[in-house]
Amino acid sequence: MLIEADVCERVLANALTRGGEFAEVFVEDRRSSSARYDDGRVEELTSGRDRGAGIRVIVGDTTGFAHTADLTERGLLEAGAAAAAAARGADGGQRVVATRLVDRQISRADDSFVILPETVDKSRKIELLQRADTSAREVSGAIRSVSASYADSHRRIQVANSDGLSTSDDQVRTRFMVQCVANGDTGMQTGMEAPGRGMGFEFFDDFDVESIARTAATRAVTLLDAVPAPSGQMQVVLKRGAGGVLFHEACGHGLEADLVHRDASVFKDRIGTQVASPLVTVIDDGTYAREWGTFAVDDEGQRAQRNVLIENGILTDYMWDLVRARKQERRSSGNGRRETYRNLPMVRMTNTFLGVGDTDPDAIIRDTEYGIYCVQLGGGQVDTATGDFVFGVTEGYLIEHGEITRPIRAAQLVGNGPQSMTLVDAVGNDFETWTGTCGKSGQGVPVSAGQPTLRVARMTVGGTAS
Amino acid sequence: MTGVPQSSAPHVVAPELLALCQRVAGQAAGTEQVEAYALRGRETDIDVFDGSIESLSVAGSSGIGIRVVNNGRQGFAWAGSLDDDVVADTLAEARDNAKFAEPDEHNGLIDQATADERVRPQLSLWDDRLDAVDLDTKIDFVLQLDARVRNSDPRIRNVESTSYGDGLLESALASSLGIAATNRRTIASASSVAIAGDSDDTQTGYGFSVARTFEDLDDDAILAMAVERSTRLLGARQPVGQRIAVMFDPMVSASFLGVLSAAFNGEAMLKGRSLFCDRVGEQVAASLVQLADDPTDPRSLGAAPYDGEGVACRVNQLIVDGVLQGFLHNGYTARRANTVTTGSAVRGGYRSTPGVGVRSLRMVPGPHNPFEMTADRGEVLYVQAVHGLHSGTNPISGDFSVGAEGIMVRNGEYQEPVREITIASTVPKMLHAISAVGNDVTYLPSGTIGTSLLIDEMTMSGS
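All of these numbers come straight from a predicted model, not from anything done at the bench.

Colleague: Help me understand the overall build of chain B in this model?
Modeller: Along the backbone of chain B there are 12 helices and 20 strands. Against the 2.2 N^0.38 benchmark of 23 Å for 463 residues, chain B shows a C-alpha radius of gyration of 24 Å, consistent with a compact globule. Within chain B, counting contacts between residues at least 6 apart in sequence, those at least 24 apart form 71% of the total.

Written as structure tokens, this is what we have:
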């Protein structure tokens, strides 16, 4: 426990003295470290430490919030009083809060295998970077520069609220990134690969830095021979792992209960209806072992869950945080997350993926007359109110007569989320995930997205070919 | 409504922050150089949804970043606290990190003599009035703004959100080489996102206003902007793809300049990652293009008296008559490029070492307003917003391909709105194809100063 239970109880009771039906203390202690390699040398190591508490008080539809880096009882009481400003005009009153101590949680079932990053010698971390540089340069003489970075974080959280909840979690994450620039007749091209997991230093038992580096370098070199992407509507095949982010953006956000409530979702009032092709099942799973978006309890102290959102094309449920769930008199789905103790939690995705189908991925390509094959997307953007999205393709190829022919450059996928979901006409029996940071209202949280190889029958591709 | 306390956190003024930084820097031993940068801020954020306050946040925050350079090795550590024990740990961690980095002879802090070569501009970035505005006044303002947007036009069916935010921010920088500087600034902003149309045809429109104090926020402008931008796209359809002249609105222009800004970065140039490597003195844009980074204009949200290393900010000319003038540098990149710093060290708060960057890009405005710019043209795509900038643009290769929405303009007449399109070209081609710069000037929250831009040809994809 970062803060003793009796201190939490007094802070919660004090925060509710002016009225209000709910109060919460969220405490966070995060250590992070990173190392950056660029231009043939280890440029810099950085260490960070962030520790503090955010306190909120809910009065009707209004949330009052304050945060502090001062974790003494006095500091917490002061922050609680500031958060209680939201209760102005309320009747006021006393309320006694007793928190029940819940067992300490760990984000990994087999936590005994976690090698905490702060226990690993810094020289071992930087040695990984040097190996990545060597491997990337071995791919081709065209590689002009290699930058690599290592990053880890160890985040401990504690949540106590006036409903009597008291819980904590320990979250460890590790990520490795390699970016390469290749130079050729067509100018400079870049390639990137950046896997991350909810793991400690044992991440590097599963992920080989040489192969991460080779993937990034090969991507940059491949683009040197790429032709400008075509424009217009065509079939789009998304390789396993590549398209998860597209469905995260174009569909996932619209399934967040706060956006639905805000009338900013195309999926409003659609529960029980067909919103996607019968081949499509969408799941958000905060319990997915060792994934980047995994935790034991969310940032409101609610247990992570595996939530089926769309089943065989039928919309089954939205994702919920505690506040929205309380208003609807239902349970949170374990999707209340925040970037740091300085932020209010809101509905966020965890690990969001499309369920596997039964088609051989090679057969999907063979069956495609003309289109593009996307191997990596570079992130994107969506207007959740309309479902319109746009995505950059950072590694893609032309498909002609069932064959992957030439690499393409500068392609954008443009479309409408719900429409694309109905146009999925083939789903493979393979699967992979993608690691990313999801941004919403200025807060970034770690998420993963995954999917089998699949095809969308029609999507607008915006390229530069004349 | 009753008055409530703004914040009970003690208010540390900049001289005390400076004293803290100087105590840290004073611990430099032997060949070691130590630099400390500390921040303290008080912030208020109010979000309105459905006509009532959804969240109200009042908080103070602070932090410190410490850089240590020893025999060419650089280490860094930060912490979100100014407590003595945390600051001591942070210095120890930065020292330890320096041991593991590989040496680079160009690493080092700016010395006082270099910093003294130019006088820091006197900028008024702090408005005392903001500190005196009570919370209830802010709450009333944002509630009224929300109600006005909601009731402004029958086509507005809802308001996605209306928000108010302000901050009083103070910082100090000190180093063992004699740098000592403090700065403080205030900022207030308000915005509203209107939702227009019905469930078959929904469009959203964003309106904002930013200023140094609450009193200078323009709620009429927010209202007009949110309504215009949401309603004028109603009925948008996907057009047929073609090559077409494109007009960027000031916010889109600013996004384009944001992508371009990476090409002026001295670090990118040294590492071979700039479009403009080896091109100083060459024609890189149409001859009417005049581009500068000007952090000395106090109206810009990017204005600053000194950079992330304590060097005076100044106007840096980047493109004059279409000709590339040079690159931006901090101390490290200047030493490596055998030149002098341009006062362009930028910090992303206290959590990182100073990199190189722009603060306040601006183009010199042209003679005509946006309507006049398109009057004698045939068909022009007026672009109101672009999407997917971070994935669709590549400042190294120069590829530029983004999602967009806007309105078709024919002979100066605004006609049908369009959506679900991409516009694509490359940054170098776009620079050469600029045929007019508007006389409209918009100070944006990013610090960039936007003006309308007419680009002769891009590829518009559609059906």
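Colleague: Any chance you could explain the overall build of chain A here in plain terms?
Modeller: When its secondary structure is counted, chain A shows 10 helices and 23 strands. The dimensions of chain A, computed from C-alpha atoms along their principal axes, are 75 × 55 × 35 Å. Within the span of chain A, comprising 466 residues, buried residues form 62% of the whole. Look at the contacts in chain A between residues 6 or more apart in sequence, and 75% of them connect residues 24 or more apart.

Colleague: Before we go on, may I ask you to explain the pairing of strand 23 (residues 454-462) of chain A in this structure?
Modeller: Working note: regular strand, side chains alternate between the two faces of the sheet. All names here are of chain A. Of all nine residues in strand 23, seven are buried; the element is thus mostly enclosed. As defined by bridge partners, strand 19 (residues 411-416) adjoins strand 23 across three bridges and the pair is classed as antiparallel. Within strand 23, the position partnered with V414 by the bridge is T460. Pairing between strand 20 (residues 424-427) and strand 23: three bridges, direction antiparallel. Bridge pairing in strand 23 links V427 to L454.

Colleague: What's the story with unusual backbone geometry in this structure? I'm lost.
Modeller: Most peptide bonds adopt trans geometry, and most residues besides glycine take a negative phi value. Of note, H401 of chain A is a non-glycine position whose phi angle comes to about 50 degrees, a positive value. The topology assignment puts H401 of chain A in the loop between strand 17 (388-400) and strand 18 (403-409). Since 9 C-beta atoms lie within 10 Å of it, H401 of chain A is described here as exposed. Here D321 of chain B, not a glycine, exhibits a phi torsion of approximately 50 degrees, which is positive. If you trace the backbone, D321 of chain B turns up in the loop between strand 9 (316-320) and strand 10 (323-324).

Colleague: Sorry, what's going on with the interface of chain A and chain B here?
Modeller: In many reports, interface size means the accessible area that the parts give up when they come together. In this complex, chain A contributes 68 residues to the contact, which on the side of chain B involves 66 residues. Among the elements that line the side of chain A that touches chain B, the one with the most residues is strand 2 (residues 41-59) of chain A, at 12 residues.

Colleague: Would you mind going over the sheet that holds strand 12 (residues 314-315) of chain A with me for this structure?
Modeller: Strands belonging to one sheet form pairs held by backbone hydrogen bonds; the direction of such a pair is parallel or antiparallel. All names here are of chain A. Taken in spatial order, the six strands make up an open sheet running 12-11-10-15-22-21, and their pairing is mixed. Strand pairing shows two members of the sheet lacking a second neighbour, strand 12 and strand 21 (432-440), which therefore form its edges. Contacting strand 10 (282-285), strand 15 (351-354), strand 21 and strand 22 (443-451), helix 6 (residues 244-252) crosses the sheet at an angle of about 115 degrees to strand 22.

Colleague: For this particular structure, what's the right way to read the nonpolar core?
Modeller: Side chains of a nonpolar character, in soluble globular proteins, are inclined to be buried together. By size, the foremost hydrophobic cluster in this structure holds 265 residues, and its most contacted members are C21 and A38 of chain B. If we skip the residues at most four places from it in the chain, C21 of chain B touches A36, Y37, A38, A172, L173 and A174 of chain B. The next biggest cluster of nonpolar side chains, apart from the first, holds five residues, and it includes V114, M199, F201 and F203 of chain A.

Colleague: When you look at the environment of V142 of chain B in this model, what are you seeing that I'm missing?
Modeller: Residue and element names in this part refer to chain B. On the secondary structure map, V142 appears in helix 5 (residues 135-150). Judged by the 23 C-beta atoms lying within 10 Å of it, V142 falls in the buried class. For the pair formed by V142 and S52, sequence separation is 90 residues and the distance between their alpha carbons is 9.5 Å. Setting aside residues up to four positions removed in sequence, V142 forms contacts with I46, V48, T162, S163, Y164 and A190.

Colleague: Sorry if this is basic, but what is going on with helix 2 (residues 73-83) of chain A here?
Modeller: Because the α-helix completes a turn every 3.6 residues, residues three or four places apart line up on one side. Among the residues making up helix 2 of chain A, those that are buried are L76, E78, A79, G80, A81, A82 and A83 of chain A. On its buried face, helix 2 of chain A sits against helix 1 (5-15), strand 1 (22-38), strand 2 and strand 3 (62-68) of chain A together with strand 2 (52-70) of chain B.

Colleague: Before we go on, may I ask you to explain the pairing of strand 5 (residues 180-198) of chain B in this structure?
Modeller: Residue and element names in this part refer to chain B. Sheet analysis places strand 4 (residues 156-175) next to strand 5, joined by 17 bridges and oriented antiparallel. Counted as the bridge partner of T162 is S192 from strand 5. Once strand 4 ends, the chain turns through four residues before running back antiparallel as strand 5, passing G178 with a positive phi of about 100 degrees. Taken together, the 11 bridges between strand 5 and strand 6 (residues 201-211) define a ladder with antiparallel strand orientation. Each residue of the ladder has a partner; that of S189, found in strand 6, is V210. The hairpin formed by strand 5 and strand 6 contains two residues between the paired strands.

Colleague: When you look at the packing of helix 1 of chain A against helix 2 of chain A in this model, what are you seeing that I'm missing?
Modeller: A packed helix pair is summarised by two numbers, namely the angle formed by the two axes and the spacing between the axes. Residue and element names in this part refer to chain A. Where helix 1 contacts helix 2, the two axes come as close as 8 Å, and the packing angle between them is 25 degrees. Classed by the angle they form, the pair helix 1 and helix 2 counts as roughly parallel. Judged by the twist between their axes, the crossing of helix 1 over helix 2 is right-handed. Together, V7, V11, N14 and A15 of helix 1 and E73, L76, L77, G80 and A83 of helix 2 make up the contact between the two elements. When grouped by side-chain class, the residues that make up the contact of helix 1 with helix 2 number six nonpolar, two polar and one charged.

Colleague: Help me understand the confidence of the model for chain A, please; the structure alone is not making it clear to me.
Modeller: The predicted coordinates ought not to be read in detail in places where the model reports low pLDDT. This prediction gives chain A a mean pLDDT of 91; 94% of its residues lie at or above 70. Across residues 90-94 of chain A, where pLDDT falls below 50, the model places 10 contacts with residues more than four positions away in sequence or in other chains.

Colleague: Please explain helix 1 of chain A as it appears in this structure.
Modeller: Residues and elements named next belong to chain A. For helix 1, every residue scored as buried is listed here: C8, V11, L12, N14 and A15. Projection of helix 1 onto a plane perpendicular to its axis shows the buried side chains occupying an angular sector of 165 degrees, all on one side. At its buried positions, helix 1 is contacted by strand 1, strand 2, helix 2, strand 4 (143-161) and strand 5 (166-184).

Colleague: I keep staring at the packing of helix 5 of chain B against helix 6 (residues 219-231) of chain B and nothing clicks. Help me out?
Modeller: Residue and element names in this part refer to chain B. Contact geometry of helix 5 with helix 6 gives a least axis separation of 10 Å together with a crossing angle of 35 degrees. Considering only the axes of helix 5 and helix 6, their crossing is right-handed. Every residue of helix 6 that contacts helix 5 at L145, R148 and V149 is listed here: D219, I222, L223 and A226. Residues that form the contact of helix 5 with helix 6 fall into these classes: five nonpolar, no polar and two charged.

Colleague: I'm lost on the environment of Q412 of chain A in this one. Help?
Modeller: Looking at where Q412 of chain A falls in the secondary structure, it is placed in strand 19. The spatial distance from the C-alpha of Q412 of chain A to the C-alpha of F391 of chain A is 5.4 Å, given a sequence separation of 21 residues. When residues no more than four places from it in sequence are discounted, the contact partners of Q412 of chain A are V390, F391, G392 and G462 of chain A together with G388, G392, S401, V402, G403 and T422 of chain B.

Colleague: Could you clarify how one ought to interpret the confidence of the model for chain B in this entry?
Modeller: All names here are of chain B. Averaged over all residues, the pLDDT of chain B is 92; the fraction at 70 or higher stands at 97%. For residues 1-12, every residue scores under 50 in pLDDT, and the model assigns this stretch 23 contacts once sequence neighbours within four places are set aside. Both scores are given for the predicted complex: the pTM is 0.89, the ipTM 0.87.

Colleague: Whenever I open this one, the environment of G349 of chain B confuses me. Can you help?
Modeller: All names here are of chain B. Tracing the chain through its elements places G349 in the loop between strand 11 (345-346) and strand 12 (355-356). The class of G349 is partly exposed, set by 14 C-beta atoms lying within 10 Å. Placed 310 residues apart in sequence, G349 and L39 show a C-alpha to C-alpha distance of 7.7 Å.

What counts as what
Residues numbered from 1 in each chain as written. Chains lettered and ligands numbered in written order. Predicted model: local features only at pLDDT ≥ 70, side-chain atom pairs only at ≥ 80, totals over all residues. Helix = DSSP H or I, 4+ residues; strand = E, 2+ residues; numbered from the N terminus. Rg over C-alpha atoms; globule rule 2.2 N^0.38 Å. Contact = placed C-beta atoms within 7 Å. Buried ≥ 20, exposed ≤ 12 C-beta atoms within 10 Å, placed from the backbone. Pairing = 2+ DSSP bridges. Axes fitted to C-alpha atoms, helices over the stretch in contact; angles between N-to-C directions. Core = buried A, V, L, I, M, F, W, Y, C linked by C-beta atoms within 7 Å. Parallel < 35°, antiparallel > 145°, perpendicular 65-115°, else oblique. Left-handed = near helix turned anticlockwise from the far one by under 90°. Nonpolar A, V, L, I, M, F, W, Y, C, P; charged D, E, K, R; others polar. pLDDT = per-residue confidence, 0-100. Arc of directions from axis to C-beta.

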